[in-house]
Amino acid sequence: MSAPLTETAAWQALQAHFESVRHVHLRDLFAADPQRGERLSAEGAGLYLDYSKHRVTDETLELLLDLARSRQLEARRDAMLSGEKINATEGRAVLHTALRAPRGQEILVDGRNVVPEVHEVLDRMAAFAEQIREGQWLGQTGRPIRAVVNIGIGGSDLGPVMAYEALKHYAQRDLTMRFVSNVDGTDLVEKTRDLNPEETLFIVSSKTFTTQETMANAQSARAWLLAALGDDAAVARHFVAVSTNAEAVQKFGIDTANMFGFWDWVGGRYSMDSAIGLSLMLAIGPEGFRELLAGFHAMDEHFASAPLKANLPVLMALLGVWYNNFFDAQTLAVLPYDQYLAYFPAYLQQLDMESNGKHVTLDGHEVAYQTGPVVWGQPGTNGQHAFYQLIHQGTKLIPCDFIAFAQTLNSLPLPGGAPHHDLLMANVFAQTEALAFGKTLPEVLAEGVAPELAPHRVFEGNRPTSTVLADRLTPHTLGALIALYEHKVFVQGVIWDVNSFDQWGVELGKVLAGRIVKELGADEPELGHDSSTNALIRRYRARR
Ligand SMILES: O=P(O)(O)OC[C@H]1O[C@H](O)[C@H](O)[C@@H](O)[C@@H]1O
């Protein structure tokens, strides 16, 4: 990358522009343009984005788009999509988009078309999924599998569990699905206590097959199984693996015939649509899974071809940069108004924060600006009765993404009142309206509120929100929604000139834990840590 970001003309133009518009109120922007609510919207892959309630003028948007162009966004995007090794610190291509490429497409990595391999694994997954779903895959004692436990962590857990919860409506309900991630034994114990080992299948999901938590849980799961079934041979009927590391899978004792592979060009947090999604495919079936992939692909195509100014991931990314880097907003709240999306914010935390939580540029220079935001959120309406107070009246600026669906999957009429879904949606619209427009002091006083109470009742407004509105939560919609955020994160990484595809920041803690665990063993160790760590270790040893 040529000039450092903050020294580019595009950045400086934005900085100057920011000074002139920072106090402009959404009330005035809307008053000045009756069409704004429809004009500042875009559509792609079945998702409608209303970005009119953002503190931007047409000039802001132009300048943000200039910034994107000045960072060669389109060329960088095309480099990713065509399999260039843009993950420079690990020397890898970044091709999660190939996971949803239709059969027949060609995407080359080191001169080799990877799409046929993707479909070969998908086909094997589908055949396996059908066997499980139809009760044809039998456990060691001849009983069909009725419970599936995915063991994995990070990208090998958050995507699968989020997507399973999101698409539960489409799941085969006589298959119990569980997700174990934490190395805290409680997780495995609680998730298996009511399961019958004879009818349980474990999917050990780990890209590297070396992750401490997953390996520990997999071993304990094997012990749980063998305690009931005795015979080592049971492992072959009750364990499958999803990994890129065939050697380690074999070493663990899982037949590689029962392994579903993926590739080093799929990052862990970008892997839920690879074989890592096997648990989801078991739940919703191969057809549903293919629909999900089609949704991802539809958004990939939108991202690849829509003009930047109508490109959903690009718009969302640039608006994020606007608040993160000019308004100094520290966080982004993601607020899905759909109970099925309860795990979506947690999933996005890894996707966004592990990707763009970086402090150096691609060529290793310390950045002189903020990079990735803190991402957080809860499904609505619950959050409204908890933390929204701070968003409405606190001193921090918190841009919010509202996500909602025109049709519910569980229509529940209320006798004599509006149905549940209307109540839910009324809250989406009311929240974004209240956040944008607030309530002024004269308005509060006009309601007859006592002057000394009035300041407490004022809503400043001018709180920015995006609303993503889709027709219905389907596998296709979910795929499009995930891809929207994947590409948003990519665009921001391009603007900030960071490598969004490595995660060295998780290493140090892992290495230290490996060292410390040896010091927790039977013999009193010589402790060479700082005095705090030493004291904590001693106290633990004395009291456990
Ligand atoms: O799939 P695995 O190799 O077990 O990795 C699981 C997770 O752990 C790592 O520490 C990374 O931070 C994550 O990006 C990854 O998804």
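Residues numbered from 1 in each chain as written. Predicted model: local features only at pLDDT ≥ 70, side-chain atom pairs only at ≥ 80, totals over all residues. Heavy atoms only, no water.

The name that an unreviewed UniProt entry assigns to the protein chain is Glucose-6-phosphate isomerase, with the source organism given as Deinococcus navajonensis.

**Q** Where do I start with the nonpolar core in this structure?
**A** The tendency in soluble globular proteins is for nonpolar side chains to be buried side by side. Leu-201, Trp-265, Trp-322, Phe-344, Leu-478 and Tyr-485 are the most contacted members of the largest nonpolar core, which totals 126 residues. The leading source of residues in this core is helix 19 (residues 475-496), at 13 residues. The residues touching Tyr-485, leaving out its near neighbours within four places in the chain, are Met-316, Val-334, Phe-344, Leu-348, Leu-351, Asp-401 and Ile-403. With 24 residues, the next largest nonpolar core counts Val-180, Leu-226, Ala-248 and Ile-254 among its residues. (Core = buried A, V, L, I, M, F, W, Y, C linked by side-chain atoms within 4.5 Å. Buried < 20%, exposed > 50% of the residue type's maximum accessible area, 1.4 Å probe, protein only. Helix = DSSP H or I, 4+ residues; strand = E, 2+ residues; numbered from the N terminus. Contact = heavy atoms within 4.5 Å.)

**Q** I tried to follow the packing of helix 1 (residues 9-21) against helix 4 (residues 58-70) on my own but got confused; where do I start?
**A** Between two packed helices, the angle of one axis relative to the other and the distance separating the axes together describe the packing. Orientation of helix 1 relative to helix 4, taken along the N-to-C sense of each, is 160°, at an axis distance of 9 Å. When the axes of helix 1 and helix 4 are compared, the pair comes out roughly antiparallel. When you trace helix 1 past helix 4, the crossing you get is left-handed. Here Ala-10, Trp-11, Ala-13, Leu-14 and His-17 of helix 1 lie close against helix 4, whose contacting residues are Glu-59, Thr-60, Leu-63, Leu-64, Asp-66, Leu-67 and Ser-70. Class assignment for the residues of the contact of helix 1 with helix 4 results in 7 nonpolar, 3 polar and 2 charged. (Axes fitted to C-alpha atoms, helices over the stretch in contact; angles between N-to-C directions. Parallel < 35°, antiparallel > 145°, perpendicular 65-115°, else oblique. Left-handed = near helix turned anticlockwise from the far one by under 90°. Nonpolar A, V, L, I, M, F, W, Y, C, P; charged D, E, K, R; others polar.)

**Q** Any chance you could explain empty space enclosed by the protein here in plain terms?
**A** One water molecule sets the probe size; rolling that probe over the atoms shows where empty space is left. Applying the stated criterion across every chain yields a total of 5 cavities of 30 Å³ or more. Volume-wise, the largest cavity comes out at about 180 Å³. What lines the largest cavity is a set of 18 residues, among which Met-316, Leu-319, Gly-320, Leu-332 and Pro-399 lie closest to the centre. Secondary structure elements with two or more residues in the lining of the largest cavity: helix 13 (312-326), strand 10 (331-336), strand 12 (400-405) and helix 19. With 6 residues, the top contributor of residues to the lining of the largest cavity is helix 13. Considering only residue class, the lining of the largest cavity consists of 10 nonpolar, 6 polar and 2 charged. Computed from the structure, the second largest cavity encloses a volume of approximately 70 Å³. Every residue lining the second largest cavity is listed: Arg-76, Ile-86, Leu-362, Phe-490, Gly-493, Val-494, Val-498, Asn-499, Ser-500 and Phe-501. Ranked by the residues each element gives to the lining of the second largest cavity, the list is headed by helix 19, at 3 residues. Tallied by class, residues from the lining of the second largest cavity come to 6 nonpolar, 3 polar and 1 charged. (1 Å grid on protein atoms, 1.4 Å probe; cavity = no way out; pocket = protein on both sides within 12 Å on 5 of 7 lines; lining within 4 Å. Points joined across faces, edges and corners; volume = space filled by probe spheres on them.)

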